[in-house]
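Structure assessment
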Amino acid sequence: MPDPAKQLQQIYLAGFDLQTFDRFPKCVGVVRDDCIALLVPSEDGLQMLGTPGWRLGEAIGVLVEANGNQVFQAKQEMLEATPERLETLRRFRAELSTILSSPPEAKT
């Protein structure tokens, strides 16, 4: 099983910020470029809880369709999902997934 502490170190060294949230006491928030993902411990090390989204204040804006347009939405707050934001989120998710799925010996 990957060591969550080592995984968090690799995430931090890759330029992600680590945060905790009162609303999600068992999760660690990973933030970069306004993108956010929640990580939880599992038997296989840290895993993403749900889908990464766009940070809207203290909330996670999930990607949805509203009135025929893609938006990031958290309750009543919405933000347009521009091509640039979608690409930023894609890169964020891909890099974080790579770090989380790398074998421990590859993380030195």
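In short, a report on the structure. This one's a predicted model, so the numbers in the text were calculated from it and none came from an experiment.

Examining the pattern of salt bridges
This model, assessed by the stated rule, comprises four salt bridges. For E58, the salt bridge is made with R55, and the minimal N-O distance between the two is 3.4 Å. Given a relative accessible area of 56%, E58 falls into the exposed group. In this structure, a network of salt bridges that share partners links the residues E87, R90 and R91.

Side note on helix α1 (residues 4-13)
You can read the cap of α1 off the contacts: a side-chain oxygen lies 3.0 Å from the backbone nitrogen of A5, and it is on D3. Immediately downstream of α1, the backbone of G15 shows phi near 100 degrees, a positive value.

Regarding a nonpolar patch on the surface
Taken together, the side chains of Y12, L13 and L18 make up a nonpolar region of the molecular surface, amounting to roughly 330 Å² of accessible area. By secondary structure assignment, the location of L18 is in strand β1 (residues 17-21). For L18, a relative accessible area of 34% corresponds to the partly exposed category.

Thoughts on the sheet that holds strand β3 (residues 35-42)
The pairing of strands in a sheet happens through backbone hydrogen bonds and is either parallel or antiparallel. Taken in spatial order, the seven strands of this open sheet run β1-β2-β3-β4-β5-β6-β7, and their pairing is antiparallel. Whereas interior strands pair on both sides, the edge strands pair on one side only; in this sheet they are β1 and β7 (77-80). Averaged over neighbouring strand pairs, the angle between their axes works out to 40 degrees when direction is ignored. The sheet contact formed by strand β6 (residues 69-74) and β7 spans four bridges and is antiparallel. Along β7, the bridge assignment pairs A74 with E77.

Observations regarding the nonpolar core
In this structure, I11, F16, V30, L39, F92, L96 and L100 are the most contacted members of the largest nonpolar core, which totals 18 residues. Those elements that place two or more of their residues in this core are β3, β4 (45-56), β6 and α2 (83-101). Broken down by element, the residue count for this core peaks at five residues, all from α2. Residues in contact with I11, not counting those within four places in the same chain, are F16, L18, V30, L39, L96, I99 and L100. C27, V31, I36 and L38 belong to the second-largest nonpolar core, a separate cluster that totals six residues.

Points about the packing of aromatic side chains
Note on aromatic pairs: each is described by the distance of the centres and the angle between the planes. As enumerated under the stated definition, the model contains two aromatic pairs in all. Taking the centre distance of 5.4 Å and the plane angle of 65 degrees together, the rings of F16 and F92 count as edge-to-face. Of this pair, F16 sits in the loop between α1 and β1 while F92 sits in helix α2, and the two are 76 residues apart along the sequence. The exposure class of F92 is buried, given its relative accessible area of 2%. In this structure, R32 packs its charged tip against the face of F16, placed 4.0 Å from the ring centre.

What counts, and where the lines are drawn
Residues numbered from 1 in each chain as written. Predicted model: local features only at pLDDT ≥ 70, side-chain atom pairs only at ≥ 80, totals over all residues. Heavy atoms only, no water. Salt bridge = Lys/Arg side-chain N within 4 Å of Asp/Glu carboxyl O. Buried < 20%, exposed > 50% of the residue type's maximum accessible area, 1.4 Å probe, protein only. Polar contact = N/O pair within 3.5 Å; in protein donor to acceptor, adjacent residues only side chain to side chain. Helix = DSSP H or I, 4+ residues; strand = E, 2+ residues; numbered from the N terminus. Patch = residues over 30% accessible without salt bridge, like charges linked within 9 Å, V, L, I, M, F, W, Y side chains within 5 Å. Areas by Shrake-Rupley, 256 points an atom, 1.4 Å probe, with all protein chains shown as cover. Pairing = 2+ DSSP bridges. Axes fitted to C-alpha atoms, helices over the stretch in contact; angles between N-to-C directions. Core = buried A, V, L, I, M, F, W, Y, C linked by side-chain atoms within 4.5 Å. Contact = heavy atoms within 4.5 Å. Phe/Tyr/Trp six-rings, centres within 6.5 Å; stacked < 30°, edge-to-face > 60°. Lys NZ or Arg CZ within 6 Å of the ring centre and 35° of its normal.

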